[in-house]
Amino acid sequence: MKIENTKAQMRKGVLEYCILSVLRDEDAYVAEILDTLKDAKLLVVEGTIYPLLTRLKNAGLLSYRWEESTSGPPRKYYGLTETGKIFLRELTGTWDELQTAVNIVTTQKKKNHE
């Protein structure tokens, strides 16, 4: 089993949550979202993010608007809908519970093997 495949699957599993979190406080266009994810070492390519943004929009979690740019074509800014904000709050609670559970399990395993 290749570790890279497992790492990629783990990243994919949290990508939706991370994108919604990026948009929690303000709208952003794709390049800004990608930069934020890359800064956090979540390597994502445009070909991955566009289908995900479309899926989140179709689920009613995101909306978008076009805004003129001073340096090129108009940009599509994504933002959370009210439904998206509620979904993100619930997802944050689930993430916190999951993170706590994983930390407990992985810490116990270490202690038991020391």
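Everything numeric in this text was worked out from a predicted model, so none of it was measured.

1. Thoughts on the sheet that holds strand E1 (residues 28–29)
Spatially, E1-E3-E2 is the arrangement adopted by the three strands of the open sheet, whose pairing is antiparallel. Both outer strands of the open sheet, E1 and strand E2 (62–69), are each paired with one neighbouring strand and no more. Strand direction decides the pairing type here: E2 and strand E3 (residues 72–80), joined by seven bridges, are antiparallel. Bridge pairing in E3 places Leu-62 opposite Leu-80.

2. Notes on the pairing of E3
Where E1 lies against E3, two bridges are found, and the strand directions are antiparallel. Within E3, the position partnered with Tyr-29 by the bridge is Tyr-77. Remark: two residues form the turn of the hairpin made by E2 and E3, two consecutive strands paired antiparallel.

3. Things to note about unusual backbone geometry
Phi is mostly negative for residues that are not glycine, and the peptide bonds are mostly trans. In this model, Lys-41 sits at a positive phi of 70 degrees, which is unusual for a non-glycine residue. By the secondary structure assignment, Lys-41 is in the loop between helix H2 (30–39) and helix H3 (46–58). Assessed through its relative accessible area of 63%, Lys-41 is described here as exposed.

4. Some remarks on the UniProt feature "domain: Transcription regulator PadR N-terminal" (unreviewed entry) in the chain
Within this numbering scheme, the UniProt entry marks residues 19–89 as carrying the feature "domain: Transcription regulator PadR N-terminal" (unreviewed entry). Note that residues 19–89 is 49% helix and 27% strand, and that its end C-alpha atoms are spaced 13 Å apart.

5. Notes on the environment of Leu-88
Within the secondary structure, Leu-88 is located in helix H4 (residues 82–113). Once the C-alpha coordinates of Leu-88 and Leu-61 are considered, the two residues, 27 residues apart in sequence, prove to be 8.9 Å apart. Non-local contacts of Leu-88, meaning those with residues more than four positions away in its chain, are made with Tyr-17, Leu-20, Ser-21, Arg-24 and Leu-80.

6. Points about the environment of Glu-46
One can find Glu-46 in helix H3. Glu-46 has contacts with Leu-34 and Pro-51, leaving out every residue within four places of it along the chain.

7. Re the packing of helix H1 (residues 3–22) against H2
For the pair H1 and H2, interaxial distance at closest approach is 10 Å and the crossing angle is 120 degrees. Along this stretch, H1 crosses H2, giving a crossing that reads as right-handed. Together, Leu-15, Cys-18, Ile-19 and Val-22 of H1 and Ile-33, Thr-36 and Leu-37 of H2 make up the contact between the two elements.

8. A look at the pattern of salt bridges
Oppositely charged side chains can pair when the atoms bearing their charge come close. If you walk through the whole model with that rule in mind, you get four salt bridges. Close ionic contact of Glu-67 with Arg-65 constitutes a salt bridge, the shortest N to O distance being 2.4 Å. Using a relative accessible area of 35% as the deciding quantity, one classes Glu-67 as partly exposed. In this structure, Lys-85 engages Glu-82 in a salt bridge whose closest nitrogen and oxygen atoms are separated by 3.3 Å. Highlighted residues: Lys-85 and Glu-82, both in helix H4, separated by three residues, approximately one helical turn. Overlapping salt bridges bring together Asp-27, Arg-65 and Glu-67 as one network.

What counts, and at which threshold
Residues numbered from 1 in each chain as written. Predicted model: local features only at pLDDT ≥ 70, side-chain atom pairs only at ≥ 80, totals over all residues. Heavy atoms only, no water. Pairing = 2+ DSSP bridges. Helix = DSSP H or I, 4+ residues; strand = E, 2+ residues; numbered from the N terminus. Buried < 20%, exposed > 50% of the residue type's maximum accessible area, 1.4 Å probe, protein only. UniProt positions renumbered as here; feature names shortened; annotations may be inferred. Contact = heavy atoms within 4.5 Å. Axes fitted to C-alpha atoms, helices over the stretch in contact; angles between N-to-C directions. Left-handed = near helix turned anticlockwise from the far one by under 90°. Salt bridge = Lys/Arg side-chain N within 4 Å of Asp/Glu carboxyl O.

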